[in-house]
Amino acid sequence: QVQLVESGGGMVQPGGSLRLSCASSGISFSLYTMGWYRPTPGKQRELVATVSSIGSAVYADSVKGRFTISRDNPKNTLYLQMNSLKPDDTSVYYCNARKWTSFSSQSNYWGQGTQVTVSS
(Lines give C-alpha, C1' and ligand atoms only; values in the text may rest on other atoms or scores of the structure.)
Protein backbone atom coordinates (compact mmCIF):
# COMPACT_ATOMS: atom_id res chain seq x y z
CA GLN A 1 0.00 0.00 0.00
CA VAL A 2 1.14 3.50 -0.83
CA GLN A 3 1.70 5.99 1.96
CA LEU A 4 3.03 9.56 1.97
CA VAL A 5 3.47 11.16 5.39
CA GLU A 6 4.35 14.84 5.74
CA SER A 7 5.99 16.42 8.77
CA GLY A 8 7.81 19.59 9.77
CA GLY A 9 5.01 22.14 9.63
CA GLY A 10 4.38 24.66 12.36
CA MET A 11 4.05 28.34 13.20
CA VAL A 12 6.87 30.78 12.48
CA GLN A 13 7.32 34.54 12.32
CA PRO A 14 7.77 36.32 8.98
CA GLY A 15 11.33 35.86 7.79
CA GLY A 16 11.68 32.54 9.55
CA SER A 17 12.40 29.09 8.15
CA LEU A 18 10.92 25.60 8.16
CA ARG A 19 11.89 22.30 6.58
CA LEU A 20 9.10 20.00 5.48
CA SER A 21 9.63 16.27 5.01
CA CYS A 22 7.61 13.64 3.15
CA ALA A 23 8.34 10.02 3.95
CA SER A 24 7.10 7.57 1.33
CA SER A 25 6.47 3.84 1.28
CA GLY A 26 4.87 1.39 -1.14
CA ILE A 27 6.25 3.00 -4.30
CA SER A 28 9.47 2.82 -6.28
CA PHE A 29 10.35 6.28 -5.02
CA SER A 30 13.22 6.99 -7.40
CA LEU A 31 10.93 6.54 -10.45
CA TYR A 32 8.41 9.22 -9.41
CA THR A 33 8.27 12.94 -9.87
CA MET A 34 7.76 14.29 -6.35
CA GLY A 35 6.25 17.62 -5.43
CA TRP A 36 4.74 19.97 -2.89
CA TYR A 37 1.33 21.53 -3.50
CA ARG A 38 -1.02 23.83 -1.61
CA PRO A 39 -4.69 24.78 -2.03
CA THR A 40 -5.78 28.29 -2.95
CA PRO A 41 -9.23 29.88 -2.51
CA GLY A 42 -11.56 28.69 -5.25
CA LYS A 43 -8.84 26.67 -6.95
CA GLN A 44 -7.42 23.20 -7.05
CA ARG A 45 -4.12 22.47 -5.39
CA GLU A 46 -1.37 24.50 -7.02
CA LEU A 47 2.25 23.59 -7.57
CA VAL A 48 4.77 24.93 -5.08
CA ALA A 49 7.75 22.92 -6.28
CA THR A 50 8.50 19.61 -7.99
CA VAL A 51 11.61 17.55 -8.50
CA SER A 52 11.83 14.91 -11.21
CA SER A 53 13.28 11.43 -11.01
CA ILE A 54 16.55 12.82 -12.37
CA GLY A 55 16.65 15.81 -10.04
CA SER A 56 15.28 18.61 -12.23
CA ALA A 57 13.37 21.15 -10.11
CA VAL A 58 10.49 23.49 -10.96
CA TYR A 59 9.23 26.25 -8.65
CA ALA A 60 6.26 28.54 -8.49
CA ASP A 61 7.29 32.13 -9.17
CA SER A 62 6.10 33.17 -5.72
CA VAL A 63 8.61 30.90 -3.95
CA LYS A 64 11.55 30.96 -6.35
CA GLY A 65 14.71 31.97 -4.56
CA ARG A 66 13.24 31.26 -1.12
CA PHE A 67 12.29 27.57 -1.21
CA THR A 68 14.46 24.60 -2.18
CA ILE A 69 13.06 21.17 -3.03
CA SER A 70 15.25 18.09 -2.73
CA ARG A 71 14.98 14.33 -2.52
CA ASP A 72 16.94 11.56 -0.84
CA ASN A 73 16.27 8.45 -2.89
CA PRO A 74 17.95 5.95 -0.54
CA LYS A 75 15.74 7.26 2.28
CA ASN A 76 12.59 7.49 0.10
CA THR A 77 12.10 11.00 1.44
CA LEU A 78 11.23 14.38 -0.10
CA TYR A 79 12.11 17.73 1.49
CA LEU A 80 11.15 21.38 1.14
CA GLN A 81 13.44 23.94 2.72
CA MET A 82 11.41 27.11 3.24
CA ASN A 83 13.33 30.32 3.98
CA SER A 84 12.31 33.97 4.25
CA LEU A 85 8.75 32.92 4.95
CA LYS A 86 5.92 35.38 4.34
CA PRO A 87 2.36 35.47 5.72
CA ASP A 88 1.11 34.60 2.22
CA ASP A 89 2.95 31.27 2.51
CA THR A 90 0.46 30.21 5.18
CA SER A 91 -1.26 27.08 3.90
CA VAL A 92 -1.53 23.34 4.16
CA TYR A 93 1.29 21.76 2.18
CA TYR A 94 0.67 18.41 0.50
CA CYS A 95 3.21 15.89 -0.72
CA ASN A 96 2.58 14.35 -4.15
CA ALA A 97 4.04 11.41 -6.06
CA ARG A 98 3.29 11.18 -9.78
CA LYS A 99 4.30 8.93 -12.66
CA TRP A 100 2.92 8.05 -16.08
CA THR A 101 2.23 4.31 -16.30
CA SER A 102 1.02 4.31 -19.93
CA PHE A 103 0.10 6.78 -22.66
CA SER A 104 -3.33 7.22 -21.02
CA SER A 105 -2.82 6.35 -17.35
CA GLN A 106 -1.08 8.14 -14.49
CA SER A 107 -0.29 7.11 -10.94
CA ASN A 108 -0.96 10.00 -8.57
CA TYR A 109 -0.67 9.81 -4.78
CA TRP A 110 -1.17 12.39 -2.03
CA GLY A 111 -0.26 12.75 1.61
CA GLN A 112 -2.54 14.17 4.28
CA GLY A 113 -0.80 17.54 4.46
CA THR A 114 1.07 19.56 7.06
CA GLN A 115 0.06 23.03 8.25
CA VAL A 116 2.41 25.98 7.84
CA THR A 117 1.43 29.24 9.54
CA VAL A 118 3.48 32.42 9.13
CA SER A 119 2.35 35.11 11.54
CA SER A 120 3.73 37.70 13.92
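The sections below set out a description of the structure shown in this document. If you're wondering where the values come from, they're calculated on a predicted model, not measured in any experiment. (Residues numbered from 1 in each chain as written. Predicted model: local features only at pLDDT ≥ 70, side-chain atom pairs only at ≥ 80, totals over all residues. Heavy atoms only, no water.)

**A few points about the side chain of N96**
Inspection of the secondary structure assignment puts N96 in strand β9 (residues 91–100). Judged by relative accessible area, which is 2%, N96 ranks as buried. A distance of 2.6 Å separates the side chain of N96 from the side chain of N108, its partner in a polar contact. Apart from residues lying up to four places away in sequence, N96 is in contact with L4, T33, M34, G35, Y37, N108, Y109 and W110. (Helix = DSSP H or I, 4+ residues; strand = E, 2+ residues; numbered from the N terminus. Buried < 20%, exposed > 50% of the residue type's maximum accessible area, 1.4 Å probe, protein only. Polar contact = N/O pair within 3.5 Å; in protein donor to acceptor, adjacent residues only side chain to side chain. Contact = heavy atoms within 4.5 Å.)

**A closer look at the state of the cysteines**
Taken as a whole and assessed by the stated rule, the structure comprises one disulfide. Here C22 engages in a disulfide with C95; their sulfurs sit 2.0 Å apart. Its S-S torsion of approximately -75° makes the covalent link between C22 and C95 left-handed. One end of the pair, C22, is in strand β3 (residues 18–25); the other, C95, is in strand β9, and 73 residues separate them in sequence. You'll find C22 and C95 in the same group, each marked buried. (Disulfide = S-S within 2.5 Å.)

**A short note on the nonpolar core**
With 26 residues, the main nonpolar core has M34, W36, F67, L78, L80, M82 and Y93 as its most contacted residues. When residues of this core are traced back to their parent elements, those giving at least two are β3, β4 (33–38), β5 (46–51), β7 (67–72), β8 (77–82), β9 and β11 (114–118). Sequence-distant contacts of Y93, that is, excluding residues within four places in its chain, are made with E6, L20, W36, Y37, R38, V48, F67, L80, M82, G113, T114 and V116. (Core = buried A, V, L, I, M, F, W, Y, C linked by side-chain atoms within 4.5 Å.)

**Observations concerning the pattern of salt bridges**
When the charged atoms of two side chains with opposite charge come close together, those side chains can pair. Counted by the stated rule, this structure contains four salt bridges. Between R38 and D89 there is a salt bridge whose closest N-O contact spans 3.7 Å. With R38 in strand β4 and D89 in the loop between β8 and β9, this pair connects stretches of sequence that are 51 residues apart. Residue D89 is classed as buried on the basis of its relative accessible area of 3%. Here R66 and D89 are joined by a salt bridge, their closest N and O atoms 2.8 Å apart. (Salt bridge = Lys/Arg side-chain N within 4 Å of Asp/Glu carboxyl O.)

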